[in-house]
Amino acid sequence: MAPIHGRYFDAQRSRPVAAILSCDGEEGVRLQAEAVTRSDVLSTVVISDRIGAIPRRLRFPDGALFETDDNDAIDALLPGARMSPGWVHRLEQRWRVVLLSLLAVVATCGLFLQFGMPWLAHRVADALPPGIDAAIGARSLEILDRSLLLPSALPEARQQQLNDLFNRMAADAGSGQPLRLVLRDSKALGANAFALPAGTVILTDSLVAMSRDDEELQAVLAHEIGHVRQRHALRQLLQGAGVSAMSVVLFGDLTSLSALTGAVPLLLQAKHSRDFEREADAFARRWLAAHRIATHRFDDILCRMTIERNDDRADLPDYLSTHPATQDRAACAAGGSRIIREPAHP
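Residues numbered from 1 in each chain as written. Predicted model: local features only at pLDDT ≥ 70, side-chain atom pairs only at ≥ 80, totals over all residues. Heavy atoms only, no water.

## Things to note about the nonpolar core
Heads up, the rule is: Among buried residues, those of type Ala, Val, Leu, Ile, Met, Phe, Trp, Tyr and Cys that are joined through side-chain atoms within 4.5 Å constitute a nonpolar core. Type-normalised accessible area, obtained with a 1.4 Å probe on protein chains alone, sets the label of each residue: buried when under 20%, exposed when over 50%, and partly exposed for intermediate values. Helix and strand definitions here come from DSSP, where helices need a minimum of 4 consecutive H or I residues and strands a minimum of 2 consecutive E residues; each element is numbered from the N-terminal end.
Judged by nonpolar contacts, the single largest core of 33 residues is most densely connected at Phe-166, Leu-181, Leu-203 and Leu-207. Elements supplying a minimum of two residues to this core: helix H5 (156-171), strand S9 (180-185), strand S10 (193-196), strand S11 (200-204), helix H6 (205-210), helix H7 (214-229), helix H9 (258-290) and helix H10 (296-312). It is H7 that contributes the most residues to this core, seven residues altogether. Counting 17 residues, the second largest nonpolar core, distinct from the first, contains Leu-21, Ile-47, Ala-64 and Ala-73.

## Digging into the side chain of Thr-200
Which entries qualify depends on this criterion: Throughout, a contact is declared for two residues whenever any of their heavy atoms are within 4.5 Å.
Position of Thr-200 among the secondary structure elements: in strand S11. With relative accessibility at 6%, the residue Thr-200 sits in the buried group. Filtering out sequence-adjacent residues up to four positions away, Thr-200 remains in contact with Arg-180, Val-182, Phe-194 and Ala-195.

## A look at the pattern of salt bridges
Let me state the cut-off plainly: What makes a salt bridge here is a side-chain nitrogen of Lys or Arg within 4 Å of a carboxyl oxygen of Asp or Glu, nothing more.
By the definition in use, this model includes 15 salt bridges. Here Arg-38 makes a salt bridge to Asp-40, at a shortest N to O gap of 2.8 Å. For the pair Arg-38 and Asp-40, a shared accessibility class is recorded, and that class is buried. Across the pair Asp-300 and Arg-297 runs a salt bridge whose closest N-O atoms are separated by 3.7 Å. Separated by three residues within a single helix, Asp-300 and Arg-297 lie in helix H10, roughly one turn from each other. Note on Asp-300: relative accessible area 10%, which makes it buried.

## Some details on the environment of Ile-225
Structurally, the position occupied by Ile-225 is in helix H7. In the structure, Ile-225 is positioned 58 residues away from Phe-283 in sequence and 8.3 Å away in space, judged by C-alpha atoms. Excluding residues that lie within four positions of it along the chain, Ile-225 makes contacts with Phe-166, Met-169, Ala-173, Leu-179 and Phe-283.

## A look at the sheet that holds S11
Note the threshold: Strand pairing requires that DSSP identify at least two bridges connecting the strands. The axes used here are C-alpha line fits, helices contributing only the stretch in contact, and every angle between their N-to-C directions lies in the interval 0 to 180 degrees.
Taken in spatial order, the four strands line up as S8-S9-S11-S10 in an open sheet, and their pairing is mixed. A strand with exactly one partner marks an edge of an open sheet, and here the two such strands are strand S8 (150-151) and S10. Both S9 and S11 contribute to a ladder of five bridges, which runs parallel. Considered in S11, the bridge of Leu-181 is made with Val-201. Its contacts with the sheet place H5 against S9 and S11, and it is angled at close to 145 degrees to S9. Packed on one face of the sheet, H7 meets S9, S10 and S11 and runs near 25 degrees to S10.

## Here we look at unusual backbone geometry
Leave glycine aside and you will find that most residues have negative phi; peptide bonds, for their part, are mostly trans. You will see that Ala-35, though not glycine, has its phi angle at about 60 degrees, which is positive. Residue Arg-292 is not a glycine yet carries a positive backbone phi of 60 degrees. Position of Arg-292 relative to the elements: it lies in the loop between H9 and H10. On the basis of relative accessible area, Arg-292 is assigned to the exposed category, the value being 80%.

Next up, the structure:
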């Protein structure tokens, strides 16, 4: 019987060396590799089951391994080594079983990403101490200040007025963590507002200029406070990390699939982002109603923000937009004005 060529991994190093395996009498095997010659009793060697074309492994008593792609040679050379095909190998020969297994894996992963991952991220976020949010929020603001944000150009008196307005809102918001308003200018982001972990809410000069009165700004700020209350930013980060980890597990570290594994998290996260927006919308409307402010103030400014994005920020990538299209959030006529109606309360 011809020797079997493969790779030898000793118990000390991870780098393999070329090796040859052959019979050593009726009850033993002999292995020759770079500076290594060994003989072992066959009954002490653990041999992996045959599963399709997956390389076979022989594990020696001291932890060393011999790996080969020549599965047929293993079967022929070692007929007495419990070489009957394992149940996995038998199942994978049946295409119906393989197809059903594939569908089951896809369905299970889809259900977990749809329901399990958001649930798990929510529970993990609730269990993490506020210090985690603070560290992430501070680092995020630092990066944004270096890349997209500029110091606010609003007059000092106006900045103080907006900070006082936000502090009054934060006092009765009951977010469970300190809230802070940060005023910035940004040509890239235009009229925008978004919440970072640790209760930092960023409001741009363009959005202040776009608003017709402070009640509209309160509607936007209430929306962002809703994000803070639900720890949406941290949950989004946790979900993104989880989806990325699952992509690596499913697809492996394959160069040909690198674009797919990079795009999958973004595609799946889009749905969760919309869910977070709806939750924050609902909180904003409840806050406005509780403070005797017409809830359509939120619709008014949201419609104008939509027109701003479609016109002035057409070149901005969608993933930078914290407020997606408004078809399912407010009814806007051409030109960005709100269609007069009493919006339904969530």
